[in-house]
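Working through the structure, step by step
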Amino acid sequence: MPICATCGQDNPDVARFCLACGAALGVDEAAPNEERRFISVLFVDLVGFTARAEKLDPEDVRAILTPYHETVRREIESFGGVVEKFVGDAVMSVFGAPMAYGDDAERAVRAALAVRDSVHELNNGDARLDLQIRIAVNTGEALVSLGARPSMGESMVAGDVVNTASRLQSAAPVNGIIVGEETYASTRDAIKYEPMPPVEAKGKAAVVQAWVAGEALFPAGERTVSRGPLVGRGRELGVLQGIWQRVADERTPHLVTIFGPAGVGKTRLGLEFGRAVRELGGRSVRGRSLPYRDSSAYGAFAAQVKQFCGIFESDPIEVALEKLRAETAKLLGPSESQEVAGHLAIMLGLDREGTVADRETLFFSVRVFIEAVARDGPTMLVFEDVHWADRSLLDLIELLAARLRDLPILLLALARPDLLDARPGWGGGLPAYTALPLDQLKESEARELAIHLLSKLEDRARADRATLLAETGEGNPLFIEQLVAALTESPGDDAALPTTIRGIVAARLDGLPAAERALLLDAAVGGKVFWRGALERMSDDPGRLPALLGALEGRDLIRRQTVSAIEGDQQFMFKHVLIRDVAYDLLPRARKRERHAQVAEFLQEATSETGEAAAALARHWRDAGESERAIEHLMAAAQEAERGWAKDRAVAFYREALELLPEDDGDRRNDVKRRLAIAHTAAYHAVDARLLQLESDQA
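Treat the numbers as computed from the prediction; the structure is a model and nothing was measured. Residue positions are given per chain, counted from 1 along the sequence in the order it is written. With the structure being a predicted model, the display of local features is reserved for residues of pLDDT at least 70 and the display and counting of side-chain atom pairs for 80 or more, all residues being used for whole-chain, interface and lining totals. Heavy atoms from the whole structure form the basis of all side-chain values; hydrogens and water molecules are not counted.

1. A word on the side chain of arginine 669
For clarity, the threshold we go by: In this description a helix means any DSSP run of H or I spanning at least four residues, a strand means any run of E spanning at least two, and both kinds are numbered starting from the N terminus. For the exposure calls, accessible area comes from a 1.4 Å probe over protein chains only, and a residue counts as buried if that area is under 20% of its type's maximum, exposed if over 50%, partly exposed in between. Any two residues whose heavy atoms approach within 4.5 Å at even a single point are treated as in contact.
Structurally, the position occupied by arginine 669 is in helix α26 (residues 666-684). Residue class for arginine 669 comes out buried when judged on its relative accessible area of 12%. Other than its neighbours up to four places away in sequence, arginine 669 contacts Leu658, Leu661, Pro662 and Glu663.

2. With respect to unusual backbone geometry
Each neighbour pair has its own omega, and for alanine 97 with proline 98 the value is 0°, a cis peptide bond. For proline 98, the position within the fold is in the loop between β3 (90-95) and α3 (104-125). We note that aspartate 130 has phi near 45°; this positive angle belongs to a residue other than glycine. Looking at the secondary structure, you find aspartate 130 in the loop between α3 and β4 (133-145).

3. A short note on the sheet that holds strand β15 (residues 558-560)
Keep this limit in mind: Being paired, for any two strands, means DSSP has found at least two bridges between them. To obtain each axis, a line is fitted to C-alpha atoms, and for helices this fit is confined to the stretch in contact; angles are then taken between N-to-C directions over 0 to 180 degrees.
Spatially, three strands are ordered β14-β16-β15 in an open sheet, and the strand pairing comes out antiparallel. Looking at the sheet topology across the chains shown, the edges are occupied by β14 (529-531) and β15. Across the sheet, the mean angle separating the axes of adjacent strands is 30° when strand polarity is ignored. Both β14 and strand β16 (residues 571-574) contribute to a ladder of three bridges, which runs antiparallel.

4. Points about the sheet that holds strand β12 (residues 409-415)
Pairing in this open sheet of five strands is parallel, and the strands run β10-β11-β12-β9-β13 from one edge to the other. Strands with a single pairing partner mark the edges of an open sheet, and in this sheet they are β10 (283-288) and β13 (433-437). The sheet shows a mean angle of 15° between the axes of neighbouring strands, direction not considered. Across six bridges, the pairing between β10 and strand β11 (residues 379-384) is parallel.

5. Here's the deal with helix α7 (residues 266-279)
We apply this condition: Each helix should span, by expectation, one fewer than its residue count multiplied by 1.5 Å.
Between its first and last C-alpha, α7 extends 20 Å over 14 residues, near the 20 Å set by a 1.5 Å rise per residue. If you check which residues of α7 are buried, you get Lys266, Thr267, Arg268, Leu269, Gly270, Glu272, Phe273, Gly274, Ala276 and Val277. Here the buried face of α7 lies against α6 (234-250), β9 (254-259), β10, β11 and β12. Just beyond α7, the residue with positive phi is glycine 281, at close to 95°.

6. Points about the environment of aspartate 648
Note on placement: aspartate 648 falls in helix α25 (residues 647-660). In sequence terms aspartate 648 and serine 155 are 493 residues apart; their C-alpha atoms lie 49 Å from each other.

7. Brief notes about the packing of aromatic side chains
Worth spelling out the cut-off: Paired rings are identified among Phe, Tyr and Trp, the last through its six-membered ring, by centres lying within 6.5 Å, and are further divided according to the angle between planes into stacked (under 30 degrees), edge-to-face (over 60) and tilted (the rest). Remark: a charge is flagged as sitting over a ring if the NZ atom of Lys or the CZ atom of Arg is within 6 Å of the ring centre and within 35 degrees of the ring normal.
Within this structure, the stated rule accounts for six aromatic pairs. Taken together, a centroid distance of 5.3 Å and an interplanar angle of 70° make the contact between tyrosine 184 and tyrosine 193 edge-to-face. Note on tyrosine 184 and tryptophan 211: the rings are 4.1 Å apart at their centroids and 0° apart in plane angle, and the pair reads as stacked. Pair noted here: tyrosine 184 is in helix α5 (residues 181-187) and tryptophan 211 is in strand β8 (residues 211-216), with a separation of 27 residues, a long-range link. Judged by its relative accessible area of 15%, tryptophan 211 is buried. Residue placement shows arginine 580 over the ring face of tyrosine 584; its charged tip is 4.5 Å from the ring centre. The ring of tryptophan 621 has arginine 629 sitting right over it, with the charged end atom 4.2 Å from the ring centre.

8. A short note on the confidence of the model for the chain
Definition in use: Values of pLDDT, ranging from 0 to 100, describe the predictor's confidence in every residue of the model.
Residue-level pLDDT values for the chain average 89, and 91% of them are 70 or greater. Here helix α27 (residues 686-698) is the element of the chain with the lowest mean pLDDT, 52, and β9 is the one with the highest, 98. Note that residues 28-32 has pLDDT below 50 and, in this model, eight contacts with residues that lie over four places away or in other chains.

9. Overview of the packing of helix α11 (residues 359-375) against helix α12 (residues 391-403)
Cut-off, in case you're wondering: In what follows, roughly perpendicular refers to angles from 65 to 115 degrees, roughly parallel to angles under 35, roughly antiparallel to angles over 145, and oblique to any angle outside these ranges. Definitions for this section: a left-handed crossing has its near helix turned counterclockwise from the far helix by less than a right angle. A right-handed crossing has that turn clockwise. Nonpolar residues are Ala, Val, Leu, Ile, Met, Phe, Trp, Tyr, Cys and Pro. Charged residues are Asp, Glu, Lys and Arg, and all others, Gly as well, are polar.
Where α11 meets α12, the axes come as close as 11 Å, and the angle between the chain directions of the two elements is 55°. One finds that α11 runs oblique with respect to α12. Between α11 and α12 lies a crossing of right-handed hand. Contacts between α11 and α12 involve Arg359, Glu360, Phe363, Val366 and Arg367 on the former and, on the latter, Ser392, Asp395, Leu396, Leu399, Leu400 and Arg403. The class makeup of the residues in the contact of α11 with α12 is five nonpolar, one polar and five charged.

10. Some points on α25
The criterion, for reference: Of all possible arcs, the one meant is that of the directions from the helix axis to the C-beta atoms.
Across its 14 residues, α25 extends 20 Å between first and last C-alpha, which sits within 8% of the 20 Å expected from 1.5 Å per residue. Among the residues of α25, Lys647, Ala650, Val651, Phe653, Tyr654, Ala657 and Leu658 are the ones counted as buried. The arc enclosing the buried residues of α25, seen along the axis, measures out at 165°, which places them on a common side. Exposed and oriented more than 90 degrees from the buried face of α25 are Asp648 and Glu659.

This is the structure in structure tokens:
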């Protein structure tokens, strides 16, 4: 039973944060206490309440603020946000820290919409409240104190993103929500917005672009379908169609799980397969497990039953019950349907008074219903995002897969690899089970997708850009799409990594055990390729490194390479450079400097300090804040490059050295400028020089 190091509270084994004070549990002492993160800040404030409170008795003020605070907190926390502070009638909350979920900006705006609607309902329930609010959401980088306890008044985040959110809130319309530019860019596919004039925020040199949020475009948890074609999934689609053919023709129930990381295209493949099933005369119904909000234990299955029975979320309970009973009676007959309908009503939340003796009885009713549905025609039940599913739903899916017999039914589960952490034996021992891993697109496929998405660019520019985007997105369709969108809106070469991608990768890293996560962040300092020897310098317990590195490799985050550039040392590389970049950006500057110095010391001892090692040493000493050491290695690398006729590379090294030299160091600056000019001239005439050398050799 984990004991909180902060307050001493005993916690259940599954707890990741203390139930008493909220502190992170099991965090390695070597892990950083602060990190740089992209977060979304939500500010809610009452309009005119200060003047109103001046005329009220203190007890009346509390009677108004208590239900308001409780309502705001409940809605924010239901979307995974953390209330950082209450300041009178103002509420500040954070999404994306201490835990990132990958869609934190969208969660923040949906929470804002829920707060707006809930406060309106409060007013309807008690006209004396008459609460008017302004809300703002802003997204950006902040320094986050991971060990902060907001419930005890400790500040958790710091950065301009907080100040800007506060300023935006002051400019919001009464009972309205405005968002900043980064929030808008991250959520415009999910939220309906109206433009508004730029906000002249106090203390900001430039005006702040802002938009007014209206309503969500689709329910929480749903996703928009990619604008691009389905590329590179022909083999997987063929496997699925072959399984369906056997299910339909031979009446052999089957469970299939499509595994893949976020953004790789699981939902899209499921939709395309569902379309193929319908074209072949089958029926496909979907249900999704939600990561937040009011997600019941059997939510995904309940959504499927509602589709079979024609029940809408807007139906009153009496109407929904009547539809359920009618469809069950149609499928099973009047005598058998009453008990089954009653049990299904409990699972759907339509009967809050009914009870059942045991879960086996409940699951048997589900089995009877599904058997009747499948006898009516070949059927596919799609369970999306089962990595977020309640344990009871996972039990139900496996039970159906194990006990359904002689029926044309396919159970299709879509999941991230996280499912196997919680359920290592998933699908094991079932009579008919297939696990279908969905990996990133091949290079040619990724380029094909990027070319299609870049259709508005000229042909030559499109081909060049597509190659770059395919490499950067590393075969992840969602990443490629987000990169194209960012490129279209900010054509510069130095465009920042889209917040959507940062969020998805950061969420994956936040799901790691603390020791593995801390090691991955340290490894990121080394670069895409790193060595165990460097990590040993950073670790307080080097003996744990083999197990931790093995665990990270097992999660397909890093890979050990068969050949090492440093004899006698183990060489690793990040599977994706995006994982490395996001991990590196999480580290605060002080920790980066410390780690860069340790990597530089390792390289100085382990290498001859020539070739690539010299350039790497220069970069690490520079990022460690050791300018003199960096200049020394930059000059050595530049001279070595000149001797090898890599004049362009020499120019780059000399320029870096010049940037690091103090302005008052005239002699050395002049020397570097002279060397730079010579190298630049040689680079410009390198082709002519090589031709003259070739002619001389032939003479």
